[in-house]
Amino acid sequence: MNEHKELRKRVERQARRMKQAERDRPTLLGQTIYMGTVGLLMVLPVVAGAFLGHWLDGLAEGYSVRWTVSLIVLGVVMGAVNIYLFITR
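Analysis parameters
Residues numbered from 1 in each chain as written. Predicted model: local features only at pLDDT ≥ 70, side-chain atom pairs only at ≥ 80, totals over all residues. Heavy atoms only, no water. Helix = DSSP H or I, 4+ residues; strand = E, 2+ residues; numbered from the N terminus. Rg over C-alpha atoms; globule rule 2.2 N^0.38 Å. Buried < 20%, exposed > 50% of the residue type's maximum accessible area, 1.4 Å probe, protein only. Contact = heavy atoms within 4.5 Å. Areas by Shrake-Rupley, 256 points an atom, 1.4 Å probe, with all protein chains shown as cover. Lys, Arg positive; Asp, Glu negative; His and termini not counted. Charge placed at Lys NZ, Arg CZ, Asp CG, Glu CD. Expected span 1.5 Å × (residues − 1). Salt bridge = Lys/Arg side-chain N within 4 Å of Asp/Glu carboxyl O. Axes fitted to C-alpha atoms, helices over the stretch in contact; angles between N-to-C directions. Parallel < 35°, antiparallel > 145°, perpendicular 65-115°, else oblique. Left-handed = near helix turned anticlockwise from the far one by under 90°. Nonpolar A, V, L, I, M, F, W, Y, C, P; charged D, E, K, R; others polar.

Caption draft 1: Geometry of the overall build of the chain. Within the chain, the regular secondary structure consists of three helices and zero strands. Going from N to C terminus, the chain has its helices and strands arranged as α-α-α. Expected size for 89 residues packed as a compact globule is a radius of gyration near 12 Å; at 25 Å, the chain overshoots this value by more than 25%. With respect to the principal axes defined by its C-alpha atoms, the chain has extents near 90 × 25 × 10 Å. The burial tally for the chain puts 11% of its 89 residues in the buried class. Taking as baseline every contact in the chain between residues at least 6 positions apart, the subset at least 24 positions apart corresponds to 56%. When the accessible area of the chain is evaluated, it comes to approximately 7900 Å², of which 66% is carbon and sulfur surface. Each charge sign in the chain was given a centre, from 12 positive and 7 negative side chains, and these centres are 12 Å apart.

Printed below as a string of structure tokens:
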């Protein structure tokens with residue numbers, strides 16, 4: 001008799017967990033927002049680095065792209081770190 005109660009409790013608990021998992025399943029809108037956030041975390045530092053580098057190169061005499069390239073690379077690194085921190089959290 002006690003075994004039947006234990007079995008019933010386990011089955012009921014598993015059924016509740018399955019229902020909860022079904023309710024918590026990510027929606028298409030939620031996944032789209034998540035991927036958009038990941039994209040922005042990568043793109044914004046790169047674009048900001050490109051604009052800042054272009055502005056700094058404009059202040060220098062002659063034609064130079066050192067700051068632009070350097071800050072784009074720094075933006076890529078920062079974007080990768082941002083995504084890593086976002087995903088692991």
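Caption draft 2: Local environment of helix H1 (residues 2-23). In this model H1 runs 32 Å from its N-terminal to its C-terminal C-alpha over 22 residues, within 8% of the 32 Å that 1.5 Å per residue would give. Burial runs low along H1: only zero of the 22 residues are buried.

Caption draft 3: Just the side chain of Asp57, in detail. Along the polypeptide, Asp57 turns up in helix H2 (residues 28-59). Of the side chains with opposite charge, Arg66 comes closest to the buried, unpaired Asp57, at an N-O distance of 7.5 Å. When near neighbours in sequence (up to four residues on either side) are disregarded, Asp57 contacts Ser64, Val65, Arg66, Trp67 and Thr68.

Caption draft 4: Highlighting the packing of H2 against helix H3 (residues 66-88). Two elements in contact, H2 and H3, have axes whose closest approach is 7 Å; the angle formed by their N-to-C orientations is 160°. Taken together, the axes of H2 and H3 are roughly antiparallel relative to one another. Of the two elements, H2 crosses H3, and the hand of that crossing is right-handed. Residues that form the contact of H2 with H3 fall into these classes: 18 nonpolar, eight polar and two charged.

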